[in-house]
Amino acid sequence: MIPWKEIDRAEVPGNGSEVTLLVRDREFSIRTAGTELMNSRIHGSEAALAELACSRLDVKSGWQILIGGLGMGYTLAAALEQSGPDAQILVSELIPAVVRWNREYLGHLAGMPLADPRVRVEEEDVVKIIGKRKTAWDAILLDVDNGPAGLTRKANDRLYGKIGLKACFDALRPGGILAVWSCAADEAFTRRLKGCGFKAEIVSVRARKSGKGSRHTIWIGIKL
Ligand SMILES: C[S@@+](CC[C@H](N)C(=O)[O-])C[C@H]1O[C@@H](n2cnc3c(N)ncnc32)[C@H](O)[C@@H]1O
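Structural notes, computed from the coordinates.

Parameters and conventions
Residues numbered from 1 in each chain as written. Predicted model: local features only at pLDDT ≥ 70, side-chain atom pairs only at ≥ 80, totals over all residues. Heavy atoms only, no water. Pairing = 2+ DSSP bridges. Helix = DSSP H or I, 4+ residues; strand = E, 2+ residues; numbered from the N terminus. Axes fitted to C-alpha atoms, helices over the stretch in contact; angles between N-to-C directions. Contact = heavy atoms within 4.5 Å. Near = heavy atom within 4 Å. Polar contact = N/O pair within 3.5 Å; in protein donor to acceptor, adjacent residues only side chain to side chain. Areas by Shrake-Rupley, 256 points an atom, 1.4 Å probe, with all protein chains shown as cover. 1 Å grid on protein atoms, 1.4 Å probe; cavity = no way out; pocket = protein on both sides within 12 Å on 5 of 7 lines; lining within 4 Å. Sits in = over half its atoms within 2 Å of the grid points. Nonpolar A, V, L, I, M, F, W, Y, C, P; charged D, E, K, R; others polar. Points joined across faces, edges and corners; volume = space filled by probe spheres on them.

What about the sheet that holds strand β7 (residues 119–122)?
With mixed pairing, the seven strands of this open sheet are ordered in space as β7-β6-β5-β8-β9-β11-β10. For this open sheet the edge positions go to β7 and β10 (198–206), each flanked by a neighbour on one side alone. Neighbour-to-neighbour, the strand axes of this sheet turn through a mean angle of 15°, independent of strand direction. Two strands pair when backbone bridges link them, and strand β5 (residues 64–68) and strand β8 (residues 137–142) are joined in this way by four bridges, in the parallel orientation. Its bridge partner lying in β8, G68 is registered against L142. Sheet contacts for helix α2 (residues 74–82): β5, β6 (88–92), β7 and β8; angle to β6, the most-contacted strand, approximately 170°. Docked against the sheet, helix α6 (residues 162–171) engages β8, β9 (172–182), β10 and β11 (215–223), running at close to 140° with respect to β9.

Some remarks on the site of the ligand
Around the ligand lies a shell of 21 residues, among which M72, T75, E93, D125 and D143 are the nearest. G73 is positioned with one of its backbone polar atoms (N or O) 3.3 Å from an oxygen atom of the ligand. Here an oxygen atom of the ligand sits 3.0 Å away from a polar atom, N or O, in the main chain of Y74. Considering the ligand on its own, with 600 Å² of exposed area, one finds that the protein chains cover 99% of that surface. Taken atom by atom, the bulk of the ligand overlaps the largest pocket. Those elements that place two or more of their residues in the shell around the ligand are β4 (35–39) and α2. The residue makeup of the shell around the ligand, split by class, is ten nonpolar, six polar and five charged.

Regarding the layout of surface pockets
In this structure, the largest pocket occupies an estimated 620 Å³ of space. Of all elements in the fold, only β4, β5, α2 and β6 reach the threshold of two or more residues within the lining of the largest pocket. Counted by class, the lining of the largest pocket contains 17 nonpolar, eleven polar and eight charged residues.

Considerations on the sheet that holds β4
With antiparallel pairing, the four strands of this open sheet are ordered in space as β1-β2-β3-β4. Because the sheet does not close on itself, it has two edges, and the strands there are β1 (5–11) and β4. Adjacent strand axes in the sheet meet at a mean angle of 25° when their direction is disregarded. Examined bridge by bridge, strand β3 (residues 27–32) and β4 share four bridges and lie antiparallel to one another.

Right, here's the structure in full:
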């Protein structure tokens, strides 16, 4: 077995913990506190997050999409694949090093999505970006932490709690879609989503594109 080699490490802004980038042959891993946040071998459900949301949009062009966070860029690449030439995609990434790692080491994994002219990146907490504009987005795609039960930041509870979901609702235009990735189902989250005015759909997806691997949950919330 080839051993993992550390490439770089960086602090998670706001909580003092660290994230590490590791490589083993052609496989990359981003870890925090000993737990794997993202592995380059497994990204089917990250792509499905964008595919499911985009396939439900009720307009065909001019999409304004917000993605939080970048990770290894698989959700972003899938959103670009679904989007037309006039789409604009803003990626919010909390950890500046993750953006740099994508530019220096990881970009090839998802086809260099950061180089696409439709993409802009802000090294900023997605909660702040959501709060900045009302009825602005056709879709907000959230894959920060492990889902509603956070991992990188306790502060991400703000995003998945009632106040965070209400802010997402306000930031979407009518008919807009909030899509949320999670490693596990969460009935309380479904109730909160509905309670904040979304029509909620829960989709169980496989971790791998091949249809194999563990099951992840994606919520599609439509702002009626
Ligand atoms: C599991 S990864 C995302 C994987 C991504 N969907 C992909 O396709 O590779 C989670 C990312 O969210 C970032 N993140 C965590 N909390 C955040 C926040 N509040 N705002 C923006 N990004 C955040 C992490 O630094 C990490 O890069």
